[in-house]
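This is what each chain is made of:
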Amino acid sequence: MHWSGEWLVNALESPTSEILPEFHADLTLLAPVRHIGLAYGVSDESPQVLISEADISHRGDELAEQIAADYKDKGEIVLLGVLKGAFILLADLSRRLTIPRLVEFIAVSSYEDGDVPSGAVRLVMDVRSSIEGKHVLVVEDIVDTGHTLHYLIDMLKSREPASIKACVMLHKEHSTEVDVEIDYLGFTIGDEWVVGYGLDYAEQGRTLPYIGVVKP
Ligand code: IMP
Ligand code: MG
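Conventions and cut-offs
- Residues numbered from 1 in each chain as written.
- Chains lettered and ligands numbered in written order.
- Predicted model: local features only at pLDDT ≥ 70, side-chain atom pairs only at ≥ 80, totals over all residues.
- Heavy atoms only, no water.
- Helix = DSSP H or I, 4+ residues; strand = E, 2+ residues; numbered from the N terminus.
- Buried < 20%, exposed > 50% of the residue type's maximum accessible area, 1.4 Å probe, protein only.
- Contact = heavy atoms within 4.5 Å.
- Areas by Shrake-Rupley, 256 points an atom, 1.4 Å probe, with all protein chains shown as cover.
- Near = heavy atom within 4 Å.
- Polar contact = N/O pair within 3.5 Å; in protein donor to acceptor, adjacent residues only side chain to side chain.
- Nonpolar A, V, L, I, M, F, W, Y, C, P; charged D, E, K, R; others polar.
- Arc of directions from axis to C-beta.
- Lys, Arg positive; Asp, Glu negative; His and termini not counted.
- Salt bridge = Lys/Arg side-chain N within 4 Å of Asp/Glu carboxyl O.
- Donors = N, O, S within 2.8 Å, 3.2 Å for Na, K, Ca; no water.
- pLDDT = per-residue confidence, 0-100.
- Pairing = 2+ DSSP bridges.

Peer 1: How should the overall build of the protein chain be read in this particular structure?
Peer 2: Check the secondary structure of the protein chain and you find 6 helices and 9 strands. Relative to its full complement of 216 residues, the protein chain shows a buried share of 44%. In the protein chain, once contacts between residues fewer than 6 apart in sequence are set aside, the share between residues at least 24 apart is 65%. On the protein chain, roughly 11,500 Å² of surface is accessible, and the fraction owed to carbon and sulfur atoms is 51%.

Peer 1: Can you walk me through the site of ligand 1 in this structure?
Peer 2: In the vicinity of ligand 1 there are 15 residues, among which Asp 144, Thr 145, Gly 146, Thr 148 and Val 194 approach most closely. A distance of 3.3 Å is found between an oxygen atom of ligand 1 and a side-chain nitrogen or oxygen belonging to Asp 141. Lys 172 has a polar side-chain atom sitting 2.8 Å from an oxygen atom of ligand 1. About the coverage of ligand 1: the protein hides 84% of its 490 Å² of free accessible area. Among the elements of the structure, β5 (135–143) and α6 (147–157) are those that each provide at least two residues to the shell around ligand 1. Within the shell around ligand 1, the residues separate by chemical class into 5 nonpolar, 4 polar and 6 charged.

Peer 1: Where do I start with α6 in this structure?
Peer 2: An α-helical segment advances 3.6 residues per turn. Residues three or four places apart therefore align on the same side. Listed in full, the buried residues belonging to α6 are Leu 149, Leu 152, Ile 153, Met 155 and Leu 156. Around the axis of α6, the buried residues are gathered within 165 degrees of arc, so they sit on the same side.

Peer 1: How do you make sense of the side chain of Glu 104 when you look at a structure like this?
Peer 2: Tracing the chain through its elements places Glu 104 in strand β3 (residues 101–113). There is no salt bridge for the buried Glu 104, and the closest opposite charge comes from Arg 128, which lies 6.3 Å off by N-O distance. Among the polar contacts listed, one links the side chain of Glu 104 to the side chain of Ser 129, at a separation of 2.9 Å.

Peer 1: Explain the coordination of the magnesium ion (ligand 2) here, please?
Peer 2: For a metal with four tetrahedral donors the ideal donor-metal-donor angle is 109.5 degrees, while six octahedral donors give ideal angles of 90 or 180 degrees. On the protein side, the magnesium ion (ligand 2) has Glu 140 (OE) and Asp 141 (OD) as donor atoms, found 2.4 to 2.7 Å from it. Of the residues examined, Asp 141 reaches a relative accessible area of 13% and is grouped as buried.

Peer 1: How should the pattern of salt bridges be read in this particular structure?
Peer 2: Side-chain pairs of opposite charge can arise whenever the charged atoms involved come near each other. In the structure shown here, the tally under the stated rule is 9 salt bridges. Put simply, Glu 62 and Arg 59 hold a salt bridge, and the shortest N to O gap is 2.7 Å. Here Arg 59 and Glu 62 lie together in helix α4 (residues 53–70), a separation of 3 residues that amounts to about one turn. Salt-bridge contacts for Asp 92 lead to Arg 95; the nearest nitrogen and oxygen are separated by 2.9 Å. Remark: Arg 95 and Asp 92 occur in helix α5 (residues 87–96); sequence separation between them is 3 residues, near one turn of the helix.

Peer 1: Explain the environment of Glu 203 here, please?
Peer 2: Among the structural elements, Glu 203 can be located in the loop between β8 (194–195) and β9 (211–213). A polar contact of 3.0 Å, which involves the side chain of Glu 203, links it to the side chain of Arg 206.

Peer 1: Would you take a moment to explain the confidence of the model for the protein chain for this structure?
Peer 2: Any residue range with low pLDDT should be treated as having predicted coordinates unsuitable for detailed reading. Confidence along the protein chain averages 84 in pLDDT terms, with 77% of residues attaining 70 or more. Confidence drops under pLDDT 50 across residues 1–5; counting only partners more than four residues distant or on other chains, this segment forms 18 contacts. This model gives residues 15–43 a pLDDT under 50, and the stretch forms 32 contacts once residues within four places in sequence are excluded.

Peer 1: Would you mind going over the environment of Leu 90 with me for this structure?
Peer 2: Tracing the backbone shows Leu 90 in helix α5. On a C-alpha basis, the gap between Leu 90 and Phe 105 in space is 9.5 Å, while along the polypeptide they are 15 residues apart. If we skip the residues at most four places from it in the chain, Leu 90 touches Leu 79, Gly 81, Val 103, Glu 104, Phe 105 and Val 139.

Peer 1: I tried to follow the sheet that holds strand β1 (residues 48–51) on my own but got confused; where do I start?
Peer 2: Two orientations exist for strands paired in a sheet by backbone hydrogen bonds: parallel and antiparallel. Read from one edge of the open sheet, 3 strands run β1-β9-β8, paired in antiparallel fashion. Strands at the two margins of the open sheet, each flanked by one partner only, are β1 and β8. Bridge count between β8 and β9: 2 bridges; the pairing is antiparallel. In the strand pairing of β9, Val 195 is matched with Gly 212.

Shown next as structure tokens:
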């Protein structure tokens, strides 16, 4: 589905919109517009570009080069992608690296207290093989409050990997509540909600090739 009138209708009707009351309010104001847009088949505006496809690609090259250099004498590494948001970063990074690597996935979700994320994190899908004695690089889309990465690193450390580091595409440094170490970082951004390059808003926008702001 495109970033279109159809998406707007879904967003208006989705309970997820209530998680972001401000955004929901804005969409509500746009409600009359959606009928006009849908009636004439006019697409709504695309998210505003924050980081272009070219900049993402350039930074991806730099990160891969740095990671390959740091791990070059370590043997095989495990790239552990955090679903769903990291799937594109993991695909790009894994193909750029020039060192031996395996790909694994893990999935987590935030516990919500009513509509508000509580900061607690739940493991939804575990890694399929043991990471004991392995060099693990956690690949994550974004660090916002930091709770997700903090939980993951803590949990994975208890399984005694040879080493554990994190590669994160985006960091909202002003929103971060718990200290987390990010060993390889793509970009620092403000506290706006971003979509694209794996990131979504209510499951929309994940496959955009650039990183865009939903609501400036
Ligand atoms: P945390 O607050 O650091 O625990 O981040 C939790 C998760 O929220 C991230 O892994 C993302 O999946 C999601 N998230 C946080 N900010 C954004 C955003 O701007 N766009 C899309 N997803 C986000
Ligand atoms: Mg994530």
